Amino acid sequence: MLSRRIAILAAIVAVATAAGLLASAQLIINKPVEMMGHVWLGQMRFAESLHATTKGMKYWYMRGMYKVTHIPYEKLFCAKCHATCESCHGVTGPNGKVVDFSVEKAEKLSTCLKCHGRERAVFKVASKNPEFTEIHMMGYGVSCTFCHTSMEVHGMYDDFNYMFDKGGVVKVTCEDCHLHGMAIPPFMTIEEHRVHLKDISCEVCHARTTVTCYSCHLSEAYEKYRRGEKFSPEELAVPIVGWLPIVRDPRTGKIVPANFMVIVWDANGTEAVHVDIAKHFPHFVNPEGLTCKDCHGIQAAKTLLEKGVLRITWYENGTLYHIRGIIPIVNGTKLELTTVIRMPDGSLKPFKTVIIDVNSHLIENTLPLSLKDLKYLAKSPEELEKQMG
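Report follows, based on the coordinates. Bear in mind that the values here come from a model prediction, so they are computed numbers and not experimental data. (Residues numbered from 1 in each chain as written. Predicted model: local features only at pLDDT ≥ 70, side-chain atom pairs only at ≥ 80, totals over all residues. Heavy atoms only, no water.)

1. Overview of the overall build of the protein chain
Definition in use: Secondary structure elements follow DSSP: runs of H or I of four or more residues count as helices, runs of E of two or more count as strands, with numbering from the N terminus. Throughout this description, buried means an accessible area under 20% of the type-specific maximum (1.4 Å probe, protein chains only), exposed means over 50%, and partly exposed covers the range between.
A tally of helices and strands in the protein chain yields 19 helices and 13 strands. For the protein chain, buried positions account for 44% of its 389 residues.

Right, dumping it as structure tokens:
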């Protein structure tokens, strides 16, 4: 009888959450369409947006690999990925030509995933691994435009800088829905919520993992592009799932997820590896969060505290292995990475092993954890409970 009541309660909560999320989506998406349309044309700065210019990708490239390749960004395949009004809103007829424009098309997940390969990989992984399900989009049918609003996509901010402005890229937060009545709020009866809701972002515990496009083989991609061969950048990288690097957001002071950008280059006698570490929203939000033991007392924290160096990837017998779970990105520590190259037959060949200093590889607006944070992570929940009395 008790289990039946719990099941009924869970069903009611799921329905209420779905209704709240969809209601919130209507508020965020439809209100600007209906009530702000008359001022949009004057506010739009789409030509300066990341979608139109791809300046986000240019920033990453010029920051690192350009110093090795000396190839102007405009000659890379990345520069051809900019969006147009037709690619987001254009409705095509039987002959393939644009016959109309539609807001509904831009709100469809499939429209966004045509270009956003990492997120395409996320949903592919989630479809095969229920533990990584993205509850909002795969559970409740919420689209990308629920969080990425028209103002963001069209570049309608006065001081427009997507990546590093004080407000950050995405203005919508978990709290907008879950603490303001549009979706089920956090249960304060949960120990982790009571302890960490003010200093750790929701997605650290509820994202579970991130997808890292590891060892992106830029030189091979460039040669294929020059030869006019069709290819997907995803074919030339190794997707890693099952780890979650964590850093600190200087704007909020909270601990947030991060990701690695690892690029390899082997052309014209030059072999190089470039690594960047940056804040990253994993798009893997799951109702079932981590527990204390998933973060505290973990071997990664103990190794970093003892040695100051953590090996996160290594190669053995044709296979690339990687550390799993939480990876603390800590001030003054180092990470050891073994990079690989995917061969034409799909096999992996070891490339270079590098040891990087965390501080010199952090992107702007991303801070490392402190030694004090690391000490907390190295202690087990039982040790912390005893310490705090």
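2. Some words on the sheet that holds strand β8 (residues 309-311)
The criterion, for reference: We treat two strands as partners when DSSP finds at least two bridges between them. The axes are straight lines fitted to the C-alpha atoms, using for helices just the contacting stretch, and the angles between their N-to-C directions are given from 0 to 180°. Here, two residues are considered to be in contact whenever any of their heavy atoms come within 4.5 Å of each other.
Pairing is mixed across the open sheet formed by three strands, whose spatial order is β8-β12-β13. At either margin of the open sheet sits one strand with a lone partner, and together these are β8 and β13 (348-357). On average, adjacent strands in this sheet sit at an angle of 25° to one another, irrespective of strand direction. Direction of pairing for β8 relative to strand β12 (residues 334-342): parallel, over a ladder of three bridges. From the neighbouring strand, Arg311 faces β12, where its bridge partner is Glu336. Along the sheet, helix α17 (residues 299-307) makes contact with β8 and β12, crossing β8 at roughly 140°.

3. Focus: the pairing of strand β5 (residues 238-248)
Counted residue by residue, β5 has 10 buried out of 11 residues, so it is predominantly covered. Taken together, the four bridges between β5 and strand β11 (residues 325-328) define a ladder with parallel strand orientation. The residue of β11 that forms the bridge with Pro245 is Ile327. Strand direction decides the pairing type here: β5 and strand β6 (residues 255-267), joined by three bridges, are antiparallel. For Ile246, the partnering residue across the bridge sits in β6 and is Pro257. Adjacent in sequence and paired antiparallel, β5 and β6 are bridged by six residues, among which Gly253 carries a positive phi angle near 80°.

4. Digging into the nonpolar core
What counts here: The term nonpolar core refers to a set of buried residues drawn from Ala, Val, Leu, Ile, Met, Phe, Trp, Tyr and Cys, joined through side-chain atoms within 4.5 Å.
With 43 residues, the main nonpolar core has Phe260, Ile277, Ile312, Ile329 and Leu335 as its most contacted residues. A per-element tally of this core places β5 first, with six residues. Apart from the residues within four sequence positions on either side, Phe260 is in contact with Thr212, Trp243, Pro245, Asp276, Ile277, Ile312, Ile327, Ile329 and Leu335.

5. Overview of the side chain of Thr338
Worth spelling out the cut-off: Definition of a polar contact: a pair of N or O atoms within 3.5 Å, with one able to donate and the other able to accept a hydrogen when the atoms are protein atoms, and with sequence-neighbouring residues admitted only if both atoms are side-chain atoms.
As for its placement among the helices and strands, Thr338 is situated in strand β12. Here the side chain of Thr338 touches Thr353 through a polar contact of 2.9 Å, side chain to side chain. Those residues in contact with Thr338, other than ones at most four positions away along the chain, are Tyr214, Thr313, Trp314, Tyr315, Leu320, Lys352 and Thr353.

6. Let's talk about helix α18 (residues 371-378)
Heads up, the rule is: The arc in question is formed by the directions pointing from the helix axis toward the C-beta atoms.
Restricting attention to buried positions, one finds in α18 the residues Asp373, Leu374, Leu377 and Ala378. The buried residues of α18 occupy one face: seen down the axis, they fall within an arc of 135°.

7. Side note on the pattern of salt bridges
Heads up, the rule is: Take a side-chain nitrogen of Lys or Arg and a carboxyl oxygen of Asp or Glu: if they are within 4 Å of each other, that pair is a salt bridge.
Enumeration according to the criterion identifies 12 salt bridges in this entry. With a shortest N-O distance of 3.3 Å, Arg226 and Glu223 are connected by a salt bridge. Linking Arg226 with Glu223, this pair stays in helix α15 (residues 218-226), spanning three residues, or about one helical turn. Since its relative accessible area comes to 26%, Glu223 is described here as partly exposed.

8. Looking at the side chain of Thr366
Among the secondary structure elements, Thr366 is positioned in the loop between β13 and α18. What makes Thr366 buried here is its relative accessible area of 6%. Within the local environment of Thr366, its side chain forms a polar contact with the backbone nitrogen of Lys279, the two atoms lying 3.3 Å apart. Those residues in contact with Thr366 that sit more than four places away from it in its chain are Val247, Arg248, Pro250, Ile277, Ala278 and Lys279.

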